[in-house]
Amino acid sequence: MKFPELQNAEKYAGLYVFDFGNDHVAVGYTADEIAVLLESERYKDGKVYRIHRAMPDGTLELAGVSRRMFDQEDGVFFYAASEQRSREGFERLCALAAQSPPPCRMKLQRANVPGAKYPNVSAILFPAECTHDVANWLNAAGFDGGEFVEGGPSQVTTYYEAQPAIVERRQLRPARSGARSAEEVLATTHLAIQRIPA
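Residues numbered from 1 in each chain as written. Predicted model: local features only at pLDDT ≥ 70, side-chain atom pairs only at ≥ 80, totals over all residues. Heavy atoms only, no water.

A. Representation of the overall build of the protein within the structure. Helix and strand content of the protein: six helices and nine strands. Taken over the C-alpha atoms alone, the protein extends approximately 55 × 35 × 25 Å along its principal axes. Of all 198 residues assigned to the protein, the portion counted as buried reaches 43%. Sequence separation of 24 or more characterises 71% of the internal contacts of the protein that already satisfy a separation of 6 or more. As presented, the protein carries roughly 10700 Å² of accessible surface, and 48% of it is formed by carbon and sulfur atoms. Between the averaged position of the 22 positive side-chain charges in the protein and that of its 26 negative side-chain charges there is a distance of 2 Å. (Helix = DSSP H or I, 4+ residues; strand = E, 2+ residues; numbered from the N terminus. Buried < 20%, exposed > 50% of the residue type's maximum accessible area, 1.4 Å probe, protein only. Contact = heavy atoms within 4.5 Å. Areas by Shrake-Rupley, 256 points an atom, 1.4 Å probe, with all protein chains shown as cover. Lys, Arg positive; Asp, Glu negative; His and termini not counted. Charge placed at Lys NZ, Arg CZ, Asp CG, Glu CD.)

Here it is as structure tokens:
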């Protein structure tokens, strides 16, 4: 892969590189924009890399990301013995998102799970590619919202299979993902640098 010369390369950490093939790559996509490319018939076979570290000299440390990570849903589930404890955890998550916006789009649900040891749950559901970012966000806030916590894609399946009764729900979004419309993403694939981070 031949990369374009990046000014302030260190600001690209956390963004993505898309390899279109034929020695054509583009740098600086968000996760939502990568999802747009992978959903398009024309670019469905492209390769995706996340920029984990970027050095001032332009050196990039990349990690390959499978397409599945953009299709798969992950989650964190805070189980509580009482409905009141669950409601308090849900409200604290809403307050946290207002104070410190989440790192990606996510669904927040407060539900009752029949047959569970702790039937009251506050669930956060998000794209699997954002797992580390969500964990860092919760850890930085010191969030603790239940007697028992579970997480991972398999727990998402278990949660849906239990057919939870949703009591409350919210859609949480990052402060500004900077993601462009699908039309704009698809119209600018010829640009080697997709954005210049602030």
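B. Seen up close, unusual backbone geometry. Positive phi, close to 60°, is recorded for Asp 23, a residue that is not glycine. Tracing the chain through its elements places Asp 23 in the loop between strand S1 (16-21) and strand S2 (24-29). Even without being glycine, Gln 163 reaches a positive phi, approximately 50°. Relative to the helices and strands, Gln 163 resides in the loop between helix H5 (153-161) and strand S9 (165-172). With relative accessibility at 64%, the residue Gln 163 sits in the exposed group.

C. Structural context of the side chain of Arg 50. You can see Arg 50 is positioned in strand S3 (residues 47-54). Looking at Arg 50, the relative accessible area reads 12%, which means it is buried. There is a polar contact of 3.4 Å between the side chain of Arg 50 and the side chain of Glu 129. Among the polar contacts made by the side chain of Arg 50, one reaches the side chain of Asp 133 at a distance of 3.1 Å. The contacts of Arg 50, once residues within four sequence positions are left out, are Gly 14, Leu 15, Tyr 16, Glu 61, Leu 62, Ala 63, Val 65, Glu 129 and Asp 133. (Polar contact = N/O pair within 3.5 Å; in protein donor to acceptor, adjacent residues only side chain to side chain.)

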